[in-house]
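# Coordinates in review
This is what each chain is made of:
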Amino acid sequence: MALQGCYSCVKYLMFAFNFLFWILGCVILGIGIWIKVDPKSLKELAANDNQLKDFFAEFDDKYSYESVGAYVLIAIGSIMMLIGFLGCCGAIKESQCMLATFFVFLTFIFIALLVAGVYIIIVKDQVRQDMANSLQLTIDKVRNGDADVKREAKNLMKSIQDKFNCCGAGEGLSDYRGAVSDSQCAILNYAQPCATSLYNQLTQNIVIIGGVAIGIATVMLLGMIFSMMLCCAIRETMVV
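As a starting point, this report considers the structure included with it. (Residues numbered from 1 in each chain as written. Predicted model: local features only at pLDDT ≥ 70, side-chain atom pairs only at ≥ 80, totals over all residues. Heavy atoms only, no water.)

Moving on to the pattern of salt bridges. Applying the stated criterion to the full structure yields two salt bridges. Between Lys-11 and Glu-94 there is a salt bridge whose closest N-O contact spans 2.9 Å. Of this pair, Lys-11 sits in helix H1 (residues 6-37) while Glu-94 is found in the loop between helix H4 (65-92) and helix H5 (96-144), placing the two residues 83 residues apart along the sequence. We classify Lys-11 as buried; its relative accessible area is 8%. Given a relative accessible area of 17%, Glu-94 falls into the buried group. With a shortest N-O distance of 3.1 Å, Lys-158 and Asp-162 are connected by a salt bridge. Taken together, the positions of Lys-158 and Asp-162, both in helix H6 (residues 147-164) and four residues apart, correspond to about one turn of that helix. Lys-158 gets classed as partly exposed once you look at its relative accessible area, which sits at 34%. (Salt bridge = Lys/Arg side-chain N within 4 Å of Asp/Glu carboxyl O. Helix = DSSP H or I, 4+ residues; strand = E, 2+ residues; numbered from the N terminus. Buried < 20%, exposed > 50% of the residue type's maximum accessible area, 1.4 Å probe, protein only.)

On to the nonpolar core, then. By size, the foremost hydrophobic cluster in this structure holds 18 residues, and its most contacted members are Leu-135, Met-157, Ile-160 and Tyr-176. Breaking this core down by element, the ones donating at least two residues are H5, H6 and helix H8 (194-239). Here this core takes five residues from H5, the largest share from any one element. If sequence neighbours within four positions are ignored, Leu-135 has contacts with Met-157, Ile-160, Gly-168, Ala-169, Cys-194, Ala-195 and Leu-198. Grouped together as the second largest cluster of nonpolar side chains are 13 residues, Val-10, Phe-102, Leu-106 and Met-224 included. (Core = buried A, V, L, I, M, F, W, Y, C linked by side-chain atoms within 4.5 Å. Contact = heavy atoms within 4.5 Å.)

As for its placement among the helices and strands, Ala-16 is situated in helix H1. Between the C-alpha atom of Ala-16 and that of Ile-92, which follows or precedes it by 76 residues, the distance is 9.8 Å.

Here it is as structure tokens:
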């Protein structure tokens, strides 16, 4: 017996939502495959954006960002397609097995988001110190490194200090141990540590990411509730 009343409404809402989710997964999978097959196109697009161009230029020699990004997108797209397929077919076919599998996938992802959120809250106070330590290592290279290492370290620190209007690592100009000429800091920024500026910027981004994560978690929670509602309703119709 087919579902009736409000359960029928939930069924078609789940189908529509998961169909859109499946399409989005297809798009992301397609982009991942495109980047993997034709990475030069990504560089051509990035050439029109100065920030992307600088980013790729900085990391091109250190990381195969095209391959990493492509594999990440392919994995995300594939998982989204699988979840969307299970939700779509489970709802429209009134399949308890598919809906239960859909529920399990969402539960695992929901728990992963929850664990990641708790982990970020726990380690957030350590992040600033880690940033300061990493920047201090770079400053030590500016003071004690050979010519090539010193030049690269100075360029990196200058880029960070100019972009974030800061100086040094965790304390400010004093991190250079009196080597003011090597600091390349603007006078107004002597007392503004770069670790603090970077941490503040990261905190602002985390707030945005956190808001998006809460929205995603809410949608997932609704999907879990609706899938269980449909499973229970299907079981009742089978008993009747």
